[in-house]
Amino acid sequence: MNWTRHDLLDLQELSREEIEMILETAKSFKEVGTRDIKKVPALRGKTVVMLFFENSTRTRTSFELAAKRLSADTMNIAASGSSLSKGETTLDTALNIEAMNVDGIVIRHGSSGIPHYLAQHLSASVINAGDGCRSHPTQALLDMYTILEKKKKIEGLKVAIVGDIAHSRVARSNIIGLTKLGAEVTVCGPSTLMPPGIETTGAKVSYDLDSIIPESDVIMMLRIQMERQEQKFLPSIREYAIKFGLNSNRLKKAKKDVLIMHPGPTNRGVEISAEVADGEHSVILDQVTNGVAVRMA
Ligand code: CP
């Protein structure tokens with residue numbers, strides 16, 4: 001397949017074949033990460049700028065490593081310390097950076113749609129590293145890669161996504177990607193954290209974690225996104241942990257080969273207990289490892 005895309009904004013815009021091509025390409029890039037010299041020349045002479053206007057540990061580091069391992073020159077710009085704090089708009093900031101002959105811009109922003117808006121105005125390639133509650137396409141791609149690596153297939157698997165679905169770009173992107181690849185996705189959480197119309201995405205909806213654990217091949221836990229909540233959606237974190245937290249006791253009812261995933265950052269003792277996060281079923285750090293290969297791809 002010829003790759004003619006210029007930007008990566010959303011998984012909605014990718015066909016199943018395009019997603020499969022990225023995941024296949026990531027396989028060979030994963031091997032590069034195990035070498036003594038972790039570098040290939042694919043982006044030699046190119047410049048990639050990371051505009052992270054919202055906090056990040058995994059995604060920012062992962063994109064920077066990915067670009068460096070492809071031999072690109074990289075730069076990191078955060079909101080604090082940039083001229084955004086002097087009133088410059090995000091578009092003006094991006095246009096000024098592009099004026100320095102930058103080839104790619106990786107952007108994370110707290111507002112939904114900013115990467116799409118920039119892509120309409122920039123000649124540089126724009127890659128969405130997470131925008132508001134809307135999309136986190138590379139997180140979903142690395143999640144799909146990890147499932148495929150561990151389970152050897154995605155088609156027909158039952159995947160539960162549990163937690164704050166309403167505020168989760170990870171949930172949205174995974175529902176789109178996983179259903180495109182033939183998984184059966186169930187979203188689970190308190191009704192106050194379930195967005196209206198979620199059924200139209202093709203995902204099933206459950207409000208009872210215990211009832212979906214036994215049938216799930218993959219359980220993806222999500223953090224409560226306090227930073228995106230303007231009102232109180234939960235009576236208390238303690239009550240949430242009792243009803244929706246994944247702990248060793250709950251996990252006893254799961255399939256023997258269940259995969260436990262989490263995009264990070266985890267809030268141990270809230271949505272996932274320390275024993276489960278560090279336990280034999282957890283692939284949380286594999287997700288992080290695979291993130292570099294997938295972002296290289
Ligand atoms: N999963 C994820 O996006 O983590 P960061 O916020 O640390 O990048």
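Residues numbered from 1 in each chain as written. Predicted model: local features only at pLDDT ≥ 70, side-chain atom pairs only at ≥ 80, totals over all residues. Heavy atoms only, no water.

1. Description of the overall build of the protein
Next up, step 1: Of regular secondary structure, the protein possesses 11 helices and 9 strands.
Next up, step 2: The globule rule puts the C-alpha radius of gyration for 297 residues at 19 Å, and the 19 Å found for the protein is close to it.
Next up, step 3: In terms of its C-alpha atoms, the protein occupies a principal-axis envelope of roughly 55 × 45 × 35 Å.
Next up, step 4: Within the span of the protein, comprising 297 residues, buried residues form 54% of the whole.
Next up, step 5: For the protein, the proportion of contacts with a sequence separation of at least 24, taken over those separated by at least 6, is 70%.
Next up, step 6: Surface summary for the protein: the accessible area is close to 13,500 Å², and the carbon and sulfur share equals 51%.
Next up, step 7: Each charge sign in the protein was given a centre, from 37 positive and 36 negative side chains, and these centres are 4 Å apart. (Helix = DSSP H or I, 4+ residues; strand = E, 2+ residues; numbered from the N terminus. Rg over C-alpha atoms; globule rule 2.2 N^0.38 Å. Buried < 20%, exposed > 50% of the residue type's maximum accessible area, 1.4 Å probe, protein only. Contact = heavy atoms within 4.5 Å. Areas by Shrake-Rupley, 256 points an atom, 1.4 Å probe, with all protein chains shown as cover. Lys, Arg positive; Asp, Glu negative; His and termini not counted. Charge placed at Lys NZ, Arg CZ, Asp CG, Glu CD.)

2. Here we look at empty space enclosed by the protein
Next up, step 1: Inspection of the entire model under this criterion finds 2 cavities of 30 Å³ or more.
Next up, step 2: Size it by volume and the largest cavity reaches roughly 80 Å³.
Next up, step 3: Contributions of two or more residues to the lining of the largest cavity are made by helix 2 (58–69), helix 5 (137–151) and helix 11 (284–296).
Next up, step 4: In terms of residue class, the lining of the largest cavity is made up of 3 nonpolar, 6 polar and 2 charged. (1 Å grid on protein atoms, 1.4 Å probe; cavity = no way out; pocket = protein on both sides within 12 Å on 5 of 7 lines; lining within 4 Å. Points joined across faces, edges and corners; volume = space filled by probe spheres on them. Nonpolar A, V, L, I, M, F, W, Y, C, P; charged D, E, K, R; others polar.)

3. Concerning the pairing of strand 1 (residues 47–52)
Next up, step 1: Counting buried positions over the 6 residues of strand 1 gives 5, a clear majority of the element.
Next up, step 2: Where strand 1 meets strand 2 (residues 73–78), 6 bridges bridge the pair, whose relative direction is parallel. Residue Val-49 lies in a different strand from strand 2, and its bridge partner there is Met-75.
Next up, step 3: What joins strand 1 to strand 2 is helix 2, and the crossover it makes is right-handed. (Pairing = 2+ DSSP bridges. Right-handed = clockwise from strand over helix to strand, strands pointing away.)

4. Comments concerning the pattern of salt bridges
Next up, step 1: As enumerated under the stated definition, the model contains 16 salt bridges in all.
Next up, step 2: Asp-10 serves as the salt-bridge partner of Arg-134, at 3.8 Å between the closest nitrogen and oxygen. Of this pair, Arg-134 sits in the loop between strand 4 (125–131) and helix 5 while Asp-10 sits in the segment before helix 1 (16–32), and the two are 124 residues apart along the sequence.
Next up, step 3: A residue is classified by how much of its surface remains accessible, and Arg-134, at 35% relative accessible area, is partly exposed. (Salt bridge = Lys/Arg side-chain N within 4 Å of Asp/Glu carboxyl O.)

5. Considerations on the nonpolar core
Next up, step 1: Membership of the largest hydrophobic core comes to 45 residues, with the highest contact counts inside it found for Leu-141, Met-144, Ile-161, Ile-165, Leu-178, Val-187 and Met-296.
Next up, step 2: When residues of this core are traced back to their parent elements, those giving at least two are helix 1, helix 5, strand 5 (158–162), helix 6 (169–180), strand 6 (184–188), strand 8 (218–221), strand 9 (259–261) and helix 11. (Core = buried A, V, L, I, M, F, W, Y, C linked by side-chain atoms within 4.5 Å.)

6. Observations concerning the sheet that holds strand 5
Two pairing modes exist for strands in a sheet, parallel and antiparallel, and in both the strands are linked by backbone hydrogen bonds.
Next up, step 1: Spatial ordering of the open sheet is given by 7-6-5-8-9, a layout of 5 strands whose pairing is parallel. Both outer strands of the open sheet, strand 7 (204–206) and strand 9, are each paired with one neighbouring strand and no more. Ignoring strand direction, the axes of neighbouring strands in this sheet form an average angle of 20°.
Next up, step 2: Here strand 6 runs beside strand 7; their pairing, made up of 3 bridges, is parallel. Bridge pairing links Val-187 to Val-205 in strand 7. (Axes fitted to C-alpha atoms, helices over the stretch in contact; angles between N-to-C directions.)

7. Things to note about the site of the ligand
Next up, step 1: Around the ligand sit Ser-56, Thr-57, Arg-58, Thr-59, Arg-108, His-136, Gln-139, Pro-263 and Gly-264, and those are all the residues in its vicinity.
Next up, step 2: Within the backbone of Gly-264, an N or O atom sits 3.2 Å from a nitrogen atom of the ligand.
Next up, step 3: At a threshold of 2 Å from the grid points, most atoms of the ligand map onto the second largest pocket.
Next up, step 4: Tallied by class, the residues present in the shell around the ligand amount to 1 nonpolar, 6 polar and 2 charged. (Near = heavy atom within 4 Å. Polar contact = N/O pair within 3.5 Å; in protein donor to acceptor, adjacent residues only side chain to side chain. Sits in = over half its atoms within 2 Å of the grid points.)

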